[in-house]
Amino acid sequence: TQELATLRAGDSITDVAGPLGKPSEIANYGTCCVIGGGVGIASTPLIAKELKSAGNRVIGIIGARSADLLILEDEMREICGELYITTDDGSKGVHGFASDVLKKLLEERTIDRVWIIGPAIMMKVTSGVTVPYGVKTYVSLNPIMVDGTGMCGSCRVTVGGETKFACVDGPEFDAHQVDFVELMQRQRIYTEQEKVSLERFAEHQCRCGEGGGRHE
Ligand code: FES
């Protein structure tokens, strides 16, 4: 991710494989709520747009730690019939979490489907809100992925007691069936290796000079 972020306009990458995995289950459900947290907001306009095209009323909730970390607000506002913004520090919108807004909405009206995309802990907490209301809720899982084609096993998750590979069976799963504790543990299994790799990357960047966009 860091290497990709060094690319500038006009730079290129050799190959792109995709789209991988399964598409979102888009249909006319009635009222849908699409929720994004942090960089997870990046996927929300795509899902919201398709749900709207399928005839749904779409409510958006996007949240970040602070106003400066909030992305794609204009895009979501254009698509969603209603858009709520939350920040952890209260610098924009509701001071609190997406789960707070979702809970309030569920108390007031019927919501037929919910999508949640964000950090694992945010998806765990927010999807917990829909359990008592029996609202089908999808989360887009973000385990570590290496090959993205179902061969390496690094993206293994447990859903409904069954082993799944998020890259080919997902990334979206029924939130109420996901073992989030295992997901969060497995996201940390390469922390040491990632640290070493980032140090090597930083050294390489220094040797290549500021802003070098090509790496061996
Ligand atoms: S990323 Fe390797 S099996 Fe999914």
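See the structure above.
Residues numbered from 1 in each chain as written. Predicted model: local features only at pLDDT ≥ 70, side-chain atom pairs only at ≥ 80, totals over all residues. Heavy atoms only, no water.

Scanning the entire structure with this criterion turns up eight salt bridges. One continuous salt-bridge network, built from bridges that share partners, spans Arg57, Glu82 and Arg109. (Salt bridge = Lys/Arg side-chain N within 4 Å of Asp/Glu carboxyl O.)

Moving on: the sheet that holds strand 6 (residues 136-140). Spatially, 4-3-2-1-5-6-9 is the arrangement adopted by the seven strands of the open sheet, whose pairing is mixed. Of all strands in the sheet, those bounded by a partner on one side alone are strand 4 (94-95) and strand 9 (172-174). Sheet topology places strand 1 (residues 31-37) next to strand 5 (residues 113-117); five bridges connect them, and they run parallel. Pairing of valine 34 across the sheet is with tryptophan 115, part of strand 5. Sheet strands in contact with helix 5 (residues 120-130) are strand 1, strand 5 and strand 6, and its direction is about 165° off that of strand 5. (Pairing = 2+ DSSP bridges. Helix = DSSP H or I, 4+ residues; strand = E, 2+ residues; numbered from the N terminus. Contact = heavy atoms within 4.5 Å. Axes fitted to C-alpha atoms, helices over the stretch in contact; angles between N-to-C directions.)

Our next topic: the state of the cysteines. A full pass over the atoms with the stated rule returns zero disulfides. Free cysteine cysteine 33: the closest other cysteine sulfur is in cysteine 80, separated by 8.5 Å. Judged by its relative accessible area of 0%, cysteine 33 falls in the buried class. (Disulfide = S-S within 2.5 Å. Buried < 20%, exposed > 50% of the residue type's maximum accessible area, 1.4 Å probe, protein only.)

Among all positions in helix 7 (residues 180-187), only Phe180, Glu182, Leu183, Met184 and Arg186 are buried. On its buried face, helix 7 is in contact with helix 5, strand 6 and strand 7 (156-159). The N-capping residue of helix 7, defined by a side-chain oxygen 3.3 Å from the backbone nitrogen of valine 181, is aspartate 179. (Polar contact = N/O pair within 3.5 Å; in protein donor to acceptor, adjacent residues only side chain to side chain.)

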